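Observations on the model geometry
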Amino acid sequence: MADQLTGRILIIDDSEYNRSLLARQLERRGHSTVTAAHGRQGLEYAQRELFDVILLDLMMPEMDGFTVLDQLKHTPQTHHIPVIVISVINEIDDVVRCIEAGAEDYLTKPFNQTLLYAKINACLERKRLRDSEQAYLNAIRYELELGRRTQADFLPTSLPQLTGWEITAAFVPARDVAGDFYDAFLLPDQRLVCFVGDVCDKGVGAALFMALTRSLLRAFIEQAAANGTDPLRAVAMTNEYIARHHRASRTFSTIFCIMFEPKSGLAQYVNAGHPEPLIIRADGSVSYLTTTGPAVGWIADACFTIETTTLRAGDILFAYTDGVTEARTRNGELFGEERLLSAIATAHNQAFRLDVIQQAVMIYTGQPQPADDLTMLAVCRCRTD
């Protein structure tokens, strides 16, 4: 008896004698019991109260055991409860029917008490293992949700409002937490800074690295602006910090960072190993902004050169992560740059809506969620006419 598990057991049987007999026998072994005189009553009890095992008769008035079993297994709050069928029916087809419907086991009346106790004990062990697994999964889901909410704090809740400019972004994580990041903000002198990044890993590790990289980059940019130095040096400073203090992780991030002079449209940028952003001109032509250095965190003392470009009225900067071009169909075919350019042309005819590009990617893959984080940022210098 030392290893005997106890539980709360629902007995569904139309025979008062059988209900009383089973209840007495089980209660002597430490179980608590509730009895139901017919199937409908048993279902009501099962949906209203918590039970560890259900003992179910098949031949009952109002609602037979087959129907009860089917409804138990198709109701979310009861489908996980182990059901042992106890019946005078011993036809193999009926036994198979019950097992296929989800019953844990089947005993014929008159039943052997020792065998019944063993089957109940086995059901209790399996249920408690499932309950423990479910509690563990719920704890993981809670931690991931907490991580998702915390990570969301590292992304902008709103984008800058700047006369003559329009900034839009799209962010679709592949998992609860993501390795992509982006930001857009104004410096005290009203210069506009934008960046997009992509950590090389996925999952919780990538999310933690994303939070570190994004926080360092933003802090170094603001510090440089306050000290009167070049904010784009922040990319190199971020690289040095990560490369020197986080070598063991061997994780790195691609980053594209650009700073605009709103009045002139002049822009300076650093592209640290990131997919080359595009400039979509007012006439629809497209050019690429070249890479200017390695990914951030890969090697110390890396050289990041600063390049310049200009956004004229009607021009658009489009930056994205490789979750866009490397999105795949089920058979592994990439979305690719040609399809991206086609989607951009379509979006360009619709006030450059990023959801048009996002929809094109998702339709191509045929999946409800991307396999990799998908992030896009567009900066448009509006026409003056």
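In this report, we go over the structure that sits alongside the text. Predicted model, so just to flag it, every value in this text is computed and none were measured.

All right, on to the sheet that holds strand β2 (residues 32–36) then. Taking strand neighbours across the sheet as the criterion, the five strands line up as β2-β1-β3-β4-β5 in an open arrangement whose pairing is parallel. Each edge of the open sheet carries a strand with a single partner, namely β2 and β5 (105–108). When the angles between neighbouring strand axes are averaged without regard to direction, this sheet yields 20 degrees. Here strand β1 (residues 8–12) runs beside strand β3 (residues 53–56); their pairing, made up of four bridges, is parallel. Across the sheet, the residue bridging to Ile-12 is Leu-56, located in β3. Docked against the sheet, helix α1 (residues 16–28) engages β1, β2 and β3, running at close to 170 degrees with respect to β2. Running at roughly 160 degrees to β3, helix α3 (residues 65–73) makes contact with β1, β3 and β4 (83–87) of the sheet.

For helix α7 (residues 234–245), spanning 12 residues, the distance from its first C-alpha to its last is 16 Å, which sits close to the expected 16 Å at 1.5 Å a residue. All buried positions along α7 are accounted for by Ala-234, Val-235, Thr-238, Asn-239, Glu-240, Ile-242 and Ala-243.

So, on to the environment of Glu-338. Here Glu-338 lies in helix α9 (residues 336–348). Along the backbone, Glu-338 and Thr-325 are 13 residues apart, and their C-alpha atoms lie at a distance of 8.9 Å.

The strand order across the open sheet built from five strands is β7-β8-β9-β10-β13, with neighbouring strands paired in antiparallel fashion. Single-partner strands in this sheet number two, and they are β7 (180–186) and β13 (307–310). Geometrically, the sheet is characterised by an average inter-axis angle of 15 degrees between neighbouring strands, direction not taken into account. As defined by bridge partners, β7 adjoins strand β8 (residues 192–199) across seven bridges and the pair is classed as antiparallel.

Take the packing of aromatic side chains next. In total, this model carries nine aromatic pairs according to the counting rule given. Ring centres of Phe-185 and Phe-195 lie 6.3 Å apart, and the angle between their planes is 80 degrees; on these two criteria the pair is classed as edge-to-face. Of this pair, Phe-185 sits in strand β7 while Phe-195 sits in strand β8, and the two are 10 residues apart along the sequence. The exposure class of Phe-195 is buried, given its relative accessible area of 0%. Ring geometry for Phe-318 versus Phe-352: centroids 5.8 Å apart, planes at 70 degrees, classification edge-to-face. On the criterion of sequence distance, the pair formed by Phe-318 in strand β14 (residues 316–320) and Phe-352 in the loop between α9 and α10 (354–365) is long-range, its members being 34 residues apart. Each member of the pair Phe-318 and Phe-352 is classed as buried. Through successive ring pairs, a cluster of aromatic residues spans Phe-181, Phe-185 and Phe-195. Here the guanidinium or amino end of Arg-97 rests over the ring plane of Phe-66, the centre of that ring lying 3.8 Å away. Of note, Arg-218 hangs over the ring of Phe-185, and the distance from its end group to the ring centre comes to 3.8 Å.

Rules used throughout
Residues numbered from 1 in each chain as written. Predicted model: local features only at pLDDT ≥ 70, side-chain atom pairs only at ≥ 80, totals over all residues. Heavy atoms only, no water. Pairing = 2+ DSSP bridges. Helix = DSSP H or I, 4+ residues; strand = E, 2+ residues; numbered from the N terminus. Axes fitted to C-alpha atoms, helices over the stretch in contact; angles between N-to-C directions. Contact = heavy atoms within 4.5 Å. Expected span 1.5 Å × (residues − 1). Buried < 20%, exposed > 50% of the residue type's maximum accessible area, 1.4 Å probe, protein only. Phe/Tyr/Trp six-rings, centres within 6.5 Å; stacked < 30°, edge-to-face > 60°. Lys NZ or Arg CZ within 6 Å of the ring centre and 35° of its normal.

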